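Residues per chain, in single letters:
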Amino acid sequence: MRVKCRYCGARIEKADALQIIGEKYNTYYCNQECYSKANAEKKAKEIERLAKKQEKERQIEEQKAASAARKAKRDAVYDELCDIFGYEVQNTVLFTEWILWNKLADDEKILAYLKEHKDYIKGATARASGTEYAKIRYMSAILKNNLKDYSNSRGQRA
């Protein structure tokens with residue numbers, strides 16, 4: 001009876017083959033050299049698989065850290081906005097406008113602008129008509145008009 005070498009695929013007589021007895025089935029190799037090469041490849045693949053797994057875990061950790069940093073920045077901006085309005089803003093138009101602000105500047109720059117011009121923005125939004133929506137839109141207009149030119153490196157406009 002002929003069997004196939006698990007490593008190189010050659011057909012050999014069962015009596016001449018190196019037989020490895022396994023739990024589910026037996027495997028056959030031409031000789032010890034084929035068996036050693038097959039094991040070396042198997043170990044290399046396992047090492048590669050573990051390296052990829054560790055790399056993926058490292059990337060996930062980096063993503064979590066980056067996400068936490070972004071959340072901290074967004075929370076700081078939100079806290080500053082709530083301080084300007086004097087209460088916790090829940091109106092969804094704020095978050096819709098925020099998306100537009102992020103097209104002009106990142107959250108760090110927005111926060112720096114809000115801190116530097118807090119009194120002006122507070123006064124301007126207080127003068128806006130009574131609805132929260134109008135106040136948010138008015139403040140958003142101020143930010144959209146000024147963020148692009150704002151330079152927080154010196155606290156001056158560029």
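Residues numbered from 1 in each chain as written. Predicted model: local features only at pLDDT ≥ 70, side-chain atom pairs only at ≥ 80, totals over all residues. Heavy atoms only, no water.

Asks: Before we go on, may I ask you to explain helix H4 (residues 118–127) in this structure?
Replies: Since the α-helix turns once every 3.6 residues, residues separated by three or four places project in the same direction. Taken together, the buried positions of H4 are occupied by Ile-121, Ala-124 and Thr-125. Across the axial projection of H4, the buried residues extend over an arc of 95 degrees, all falling on one side. Seen from the open side of H4, the exposed residues pointing more than 90 degrees away from its buried face are Asp-119, Ala-126 and Arg-127. Where H4 is buried, its residues contact helix H1 (32–85), helix H3 (107–116) and helix H5 (132–146). (Buried < 20%, exposed > 50% of the residue type's maximum accessible area, 1.4 Å probe, protein only. Helix = DSSP H or I, 4+ residues; strand = E, 2+ residues; numbered from the N terminus. Arc of directions from axis to C-beta. Contact = heavy atoms within 4.5 Å.)

Asks: Hey, could you run me through the nonpolar core in this one?
Replies: Across soluble globular proteins, nonpolar side chains have a tendency to be buried as a group. With 24 residues, the main nonpolar core has Leu-81, Leu-94, Trp-101, Ile-110, Leu-114 and Met-139 as its most contacted residues. Broken down by secondary-structure element, the contributors of at least two residues to this core are H1, helix H2 (92–104), H3, H4 and H5. When residues of this core are assigned to their parent elements, the largest contribution, 6 residues, is made by H1. When residues no more than four places from it in sequence are discounted, the contact partners of Trp-101 are Leu-81, Leu-94, Ile-110, Met-139, Ser-140, Leu-143, Lys-144 and Leu-147. (Core = buried A, V, L, I, M, F, W, Y, C linked by side-chain atoms within 4.5 Å.)

Asks: Is there a simple way to explain the environment of Thr-27 in this structure?
Replies: Assignment of secondary structure puts Thr-27 in strand S4 (residues 27–29). Owing to a relative accessible area of 14%, Thr-27 belongs among the buried residues under this scheme. For the pair Thr-27 and Tyr-7, spaced 20 residues apart in sequence, the C-alpha separation works out to 9.8 Å. Leaving out residues up to four positions away in the same chain, Thr-27 has contacts with Arg-6, Leu-18, Gln-19 and Ile-20.

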